[in-house]
Amino acid sequence: MTTSGLGLPGIVVFVALFIVFAFLGFFGRRFRKGDETILSEWSLAGRKLGVFLTWFLIGADLYTAYTFVAVPSGLFAKGALFFFAVPYVAITFAIAMVTMPKLWIVSRKKGYITASDFIQDTFSSKTLGLLIALTGIVAELPYVALQIIGMKAVLTVMFPLGSGVSTIVTLALVLSFVILVIFTFMSGLRGVTLTAVFKDIIIFTSVIVIIIAVPLAYGGFQHAFSVKAAYQTLNQSTYGLGYTTLWIGSAMALYLYPHAVNGSLSSKNEKNLRMSTALLPIYGIGLALLALFGVLVYAVAPAMSYLSNFSAASRGIYVVPALILYTMPSWFAGFALLGIFIGGLVPAAIMSMASANLFTRNVVKVFKSNISSKGETLIAKWATVVFVFIALAFTFVVPETYSIQLQLLGGVIILQILPSLFLGLYFPKLNKHSLIAGWAVGLALGIALEEVANKFGVLTSSFYTFGPGLVYIGLLAVAVNIAIAVVGSLIANAAGVKNSKVAAPADPPTQN
Amino acid sequence: MADNKVSDGKRVGVYVVSAILLVIPFIAYLLLPTYDRVSPELAGVSFFYWYQTLWLVISAVMFGVAAYLINHLGGEAS
C-alpha cells in the first residue's frame, strides 16, 4: 500500500518543538551557571539538582526511546513475556535506594565522578578500576546505538515510504546529533537536564491522550485482545521462571550502567536522591501504558496494514510510531513523535557523557596521571563527541537486529560489575583478585551460555534451559561471579592477604 | 550524631521498617501465580497487566515512605 506519512502540520510541529529543544539545550549553560571547565560541573551539573530535577533527569535517562520502542515491539511479537519491564522498573529503584545514596555520599566526600573511581580507590586497584570502566563502556555502546535505532523508526514513519526516505532519515539524524553534540559540549549536564523536563512533559501528555483516545475509537482493548487472546496472560509453564529471572536480573543491572550512576551523582544531596529514586516507579506507568500499545495496535487496521510493509522480523520497532501516526491528527502525531525522538537524544547524550567520564578518569588517567583539571574536562568533552559519533556510525554499519542482540549481551556483561560496585559499597574488604576472577569467570560464562543457548547462531534469546524452565543467563553468570568474589575474599582474608600495603581504603563515611 | 533527637533504638526501627517497605513489592511481583490470569479485567485489559501496573503506584508510595523515614529519622550516616 502507499503511505501518506505525517503530513505538513505534523512536520511543522515536530520541527518547531525540536527548535525549542535545541534552544533549551543551549540555554542550559546559564542555568545555575558553573565553571564548565571543571569535570564535576560539566558532567554532573555541579551536583546541585533537587528532588524534582533529579527525578526528571534520571527518569529521562533511564526510560529511553529504546524502552518506548522495544518493549511494545516485544509485546507485539511475543506477548505477555515482555511485560517483565514493569516489575523490572519497580524493583530496580528499591535496589537503587540501597546503593545510590551511599555511593553519592562517598563520591561527594572523595570527589569521585564515576563508579570506577570508587572501585579503584576502595580496592586500591587501578587494574580493577580499568576493567570495570571498560566493561561499562562496552556495555553502553549498543545501548546508545539502540536509541538511534528507535529515533530512526520515528523518522521513517514520518515520510511516505519510497526511494528517498532513507536519505532524508540519515540527514535528519546526523543533523540532530550535530546539534546535540554542540550543546552537550557547551552546556554539559545542565543543558541535558532542561531538555529532559521538556521531553518528559511531551511523552506523558502523548501517552495519556493516546491510551484514552485509541481504545475509545477502536473498540477498546476488548477488540485488541480478541485478535490476540493468547496475549492476555503469560504462559506460565513455559515462561514463568524466565519472566521472573529476567525482571530480577534486569533490575539488578540497570544501576550498574554508567549513565544511571552519572545521573544519580548529579543530585544535590543523598536525601534528595533517595526521595526522587523512590518516586521513579511512577515514571514506569508511562512505560506500562506504552507497552500495551503493542497489543492495542492489533485493533487498528490502518496501522497493521502499514506494518505489513516491513518484514516480520523488523516491523516491531515501527509499532508505536505507526500507532501514533494512524490514530492521531497530524499535528498531535508530530508532537508525540517528537517526544519519542528526543527521548532517544537525551539518554544518548548522558550515556556518551558517562562513557567519556570513564574513559577519561579510569582509562586515560591510569596511563597518564599528570593531567590538569581543565585538561581532564577537555578530554571528557571530546570523548563524548567521539562516543556519540561512534554509536551513530555503529547504527549505519551494523544491521538493526544485530544491535538488538548486542544489547541483550550488554545486559549480561554489565551485570558482572555488580560485586565490585554494589557489594563493594557495603563490603570494602572484598579481595581485589577475587573480584577480578569473579568478573572474568562471570563474563566468560555469560557469553558462553548465550552462545550455547542460541546454538552458536544469531543471538535471539537470553534464556538458558535449566531444570524446571528457562533462566535469564545474566542472573546465572552473576551468581557464579558473586560466589567466586565472596569465597575468594573469605579465603584471602583468612590467609591475611590485604588489598594494599598502605591501609588507607575508604572509611565508611559519616558526614557530607 | 548530627541528628541527636533520634535515639539509636528508633533509628534501627526506621531501617527495619524501611527494609520491609522495600521488600514488599518484590514479594508481590515474585508471586506470579497470584496475578497471571485474565479476570477481573479493567477496561478490557486482563488482570495480569493492570495489576502489575497498579503495583508501580504502590511501590512508589512504599518507597517514598521509606525514603521519608530514612531522611527524617534515620540520622545522618546512612
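Scroll up a little and you will see the structure.
Residues numbered from 1 in each chain as written. Chains lettered and ligands numbered in written order. Predicted model: local features only at pLDDT ≥ 70, side-chain atom pairs only at ≥ 80, totals over all residues. Heavy atoms only, no water.

Participant: How would you summarise the overall build of chain A if you had to cite specific residues and measurements?
Facilitator: For chain A, the count of helices and strands is 21 helices and two strands. Whereas a compact globule of 512 residues would reach a radius of gyration of roughly 24 Å, chain A reaches 23 Å, a difference of no more than 12%. Along the first, second and third principal axes, the C-alpha set of chain A runs to 70 × 60 × 40 Å. Relative to its 512 residues, chain A shows a buried fraction of 63%. Considering only residue pairs separated by 6 or more positions, chain A has 85% of its internal contacts joining residues 24 or more positions apart. Total accessible area on chain A is roughly 17900 Å²; 71% of this is exposed by carbon and sulfur atoms. Averaging the locations of the 30 positively and 14 negatively charged side chains of chain A gives two centres separated by 3 Å. (Helix = DSSP H or I, 4+ residues; strand = E, 2+ residues; numbered from the N terminus. Rg over C-alpha atoms; globule rule 2.2 N^0.38 Å. Buried < 20%, exposed > 50% of the residue type's maximum accessible area, 1.4 Å probe, protein only. Contact = heavy atoms within 4.5 Å. Areas by Shrake-Rupley, 256 points an atom, 1.4 Å probe, with all protein chains shown as cover. Lys, Arg positive; Asp, Glu negative; His and termini not counted. Charge placed at Lys NZ, Arg CZ, Asp CG, Glu CD.)

Participant: Give me the lowdown on the interface of chain A and chain B, citing residues and values where you can.
Facilitator: Tallying the contact residues gives 43 residues for chain A and 35 residues for chain B. Contact between chain A and chain B buries roughly 3300 Å² in total, counting both sides, with carbon and sulfur atoms accounting for 67%. Sorting the residues of chain A by area buried against chain B places Gln232, Lys271 and Arg274 of chain A first, and these three jointly supply 16% of that buried surface. Run the count over chain A and chain B and you get zero salt bridges. Our enumeration of links across chain A and chain B arrives at seven residue pairs in polar contact (both at pLDDT 80 or more). The biggest single contributor to the side of chain A that touches chain B is helix H5 (residues 85-110) of chain A, with 11 residues. Here the side of chain A that touches chain B is composed, by residue class, of 29 nonpolar, 10 polar and four charged. (Buried area = accessible area lost by both parts, 1.4 Å probe. Salt bridge = Lys/Arg side-chain N within 4 Å of Asp/Glu carboxyl O. Polar contact = N/O pair within 3.5 Å; in protein donor to acceptor, adjacent residues only side chain to side chain. Nonpolar A, V, L, I, M, F, W, Y, C, P; charged D, E, K, R; others polar.)

Participant: Can you break down empty space enclosed by the protein residue by residue, with the values?
Facilitator: Residues and elements named next belong to chain A. In total, this model carries two cavities of 30 Å³ or more according to the counting rule given. Taken as a whole, the largest cavity encloses approximately 100 Å³ of empty space. Lining the largest cavity we find 14 residues, and of these Thr114, Ala115, Pro258, Val261 and Leu358 sit closest to its centre. Counting only elements with at least two residues in the lining of the largest cavity, the list comes to helix H6 (115-122), helix H7 (126-158), helix H11 (258-265) and helix H16 (330-367). Here the lining of the largest cavity takes three residues from H11, the largest share from any one element. Here the lining of the largest cavity is composed, by residue class, of 10 nonpolar, four polar and no charged. (1 Å grid on protein atoms, 1.4 Å probe; cavity = no way out; pocket = protein on both sides within 12 Å on 5 of 7 lines; lining within 4 Å. Points joined across faces, edges and corners; volume = space filled by probe spheres on them.)

Participant: Account for the pattern of salt bridges, naming residues and giving values.
Facilitator: All names here are of chain A. Taken as a whole and assessed by the stated rule, the structure comprises four salt bridges over all chains. The partner of Asp117 in a salt bridge is Arg361, with the nearest N and O atoms 2.8 Å apart. Pair noted here: Asp117 is in helix H6 and Arg361 is in helix H16, with a separation of 244 residues, a long-range link. In terms of burial, Asp117 and Arg361 fall into one category: buried.

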